[in-house]
Amino acid sequence: MTMREIAVLFVAPGSPYEGLPGLDLWDERRDARLWPGGCPVVAHPPCRSWGSLRGFAKPAPGERELAPWAVHQVREWGGVLEHPAASSLWPVLGLPQPGAGIDAHGGWTVCVDQSWFGHRARKRTFLYVVGFSPARLPAFPLSLGESSHTVTPSRTLLPRLASPARARSCLGPRERMITPEPMARWLVAIARLVSIGAS
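Residues numbered from 1 in each chain as written. Predicted model: local features only at pLDDT ≥ 70, side-chain atom pairs only at ≥ 80, totals over all residues. Heavy atoms only, no water.

Draft legend 1. Representation of unusual backbone geometry. Positive phi, close to 65 degrees, is recorded for Phe-10, a residue that is not glycine. Considering the arrangement of structural elements, one finds Phe-10 in the loop between strand 1 (6-9) and strand 2 (23-26). Although it is not a glycine, Asp-31 adopts a positive phi angle of roughly 65 degrees. Topologically, Asp-31 is positioned in the loop between strand 2 and strand 3 (41-43). (Helix = DSSP H or I, 4+ residues; strand = E, 2+ residues; numbered from the N terminus.)

In structure tokens form, the structure reads like this:
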């Protein structure tokens, strides 16, 4: 049986997706907006203009519109969209909160922590999934331990955080951004569960 192709939209250069089989990778050079559709997706649209620190962000022109566009692709072709748990994309687009059921597009949300997959910082993440029921979600790891690092983007912001966070080292910009390889594999596995004609 032939492996079904999965498109990964807004993939970072050098990400672990580059070593996985059966993927059509769309990075900044290819411009994900030119993706023609036709298969399930894993979407990582830029989040800085939607996240909890959006007031400090300086997104490029048109960057904020990429996340709603990615939601449309997931709804059209099935798959999964990843964004920070504090993303304002959920209330702005009316996406369901975790545990709130399935929306009119067949979409639902689950919250995971990227540290469960090996990220060195606690990085709570919302996943918007379309194409199969929550009961079919592949198993994932769970860890209740403390993380060794924080994703706070600047040491100048650390004094605003609670003291336990100040005691942890900050990750650099690249490590903050990259999805851990076990999580990348898990997201691809989610997209592979999408039924043909999910929309």
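Draft legend 2. Inspection of the packing of aromatic side chains at higher detail. For the structure shown, the criterion picks out 5 aromatic pairs. Both rings, one in Phe-10 and one in Trp-69, keep their centres 6.0 Å apart while their planes meet at 85 degrees; by these two values the pair is edge-to-face. Taken as a pair, Phe-10 in the loop between strand 1 and strand 2 and Trp-69 in helix 1 (residues 66-77) lie far apart in primary sequence, 59 residues in all. Judged by centre distance (5.3 Å) and plane angle (70 degrees), the rings of Trp-90 and Phe-126 are edge-to-face. Within this pair, whereas Trp-90 is found in helix 2 (residues 89-93), its partner Phe-126 is found in strand 6 (residues 124-130), the two being separated by 36 residues in sequence. When its relative accessible area of 0% is taken as the criterion, Trp-90 is described as buried. The buried category is assigned to Phe-126, whose relative accessible area is 6%. Its guanidinium or amino end placed over the ring of Trp-26, Arg-30 lies 3.7 Å from that ring's centre, counting from NZ or CZ. (Phe/Tyr/Trp six-rings, centres within 6.5 Å; stacked < 30°, edge-to-face > 60°. Buried < 20%, exposed > 50% of the residue type's maximum accessible area, 1.4 Å probe, protein only. Lys NZ or Arg CZ within 6 Å of the ring centre and 35° of its normal.)

Draft legend 3. A look at helix 5 (residues 181-192). The terminal C-alpha atoms of helix 5 lie 17 Å apart, and with 12 residues this matches the ideal 16 Å at 1.5 Å per residue to within 8%. On its buried face, helix 5 sits against strand 1, strand 2, strand 3, strand 4 (79-84), strand 5 (107-113) and strand 6. (Expected span 1.5 Å × (residues − 1). Contact = heavy atoms within 4.5 Å.)

Draft legend 4. Representation of the pattern of salt bridges in the model. Under the defined criterion, the tally for this structure stands at 5 salt bridges. For Arg-30, the salt bridge goes to Asp-24, with nearest N and O atoms at 2.7 Å. Taking the shortest distance from any N to any O, the salt bridge between Arg-33 and Asp-31 comes out at 2.9 Å. On the accessibility criterion, Asp-31 (21% relative accessible area) is partly exposed. (Salt bridge = Lys/Arg side-chain N within 4 Å of Asp/Glu carboxyl O.)

Draft legend 5. Highlighting the pairing of strand 6. Across the 7 residues that make up strand 6, a large majority, 6, are buried. As defined by bridge partners, strand 4 adjoins strand 6 across 6 bridges and the pair is classed as antiparallel. The residue of strand 6 that forms the bridge with Pro-84 is Thr-125. (Pairing = 2+ DSSP bridges.)

Draft legend 6. Focus on the nonpolar core. Residues Tyr-17, Val-42, Leu-127, Trp-186, Leu-187 and Ile-190 are the most contacted members of the largest nonpolar core, which totals 24 residues. Residue assignment for this core shows that the elements contributing at least two residues are strand 1, strand 5, strand 6 and helix 5. In terms of residue count, helix 5 provides more of this core than any other element does, 7 residues in total. With sequence-adjacent residues up to four places away left out, Ile-190 is seen in contact with Val-80, Val-129, Phe-132, Leu-137 and Pro-138. Core analysis: the second largest hydrophobic core is formed by 23 residues, Ala-7, Trp-35, Leu-89 and Leu-95 among them. (Core = buried A, V, L, I, M, F, W, Y, C linked by side-chain atoms within 4.5 Å.)

Draft legend 7. Fine view of the side chain of Glu-82. With respect to the helices, strands and loops of the structure, Glu-82 is situated in strand 4. Among the polar contacts made by the side chain of Glu-82, one reaches the side chain of His-44 at a distance of 2.7 Å. The contact partners of Glu-82, leaving out residues within four places of it in the chain, are Ala-43, His-44, Pro-45, Gln-114, Thr-125, Phe-126 and Leu-127. (Polar contact = N/O pair within 3.5 Å; in protein donor to acceptor, adjacent residues only side chain to side chain.)

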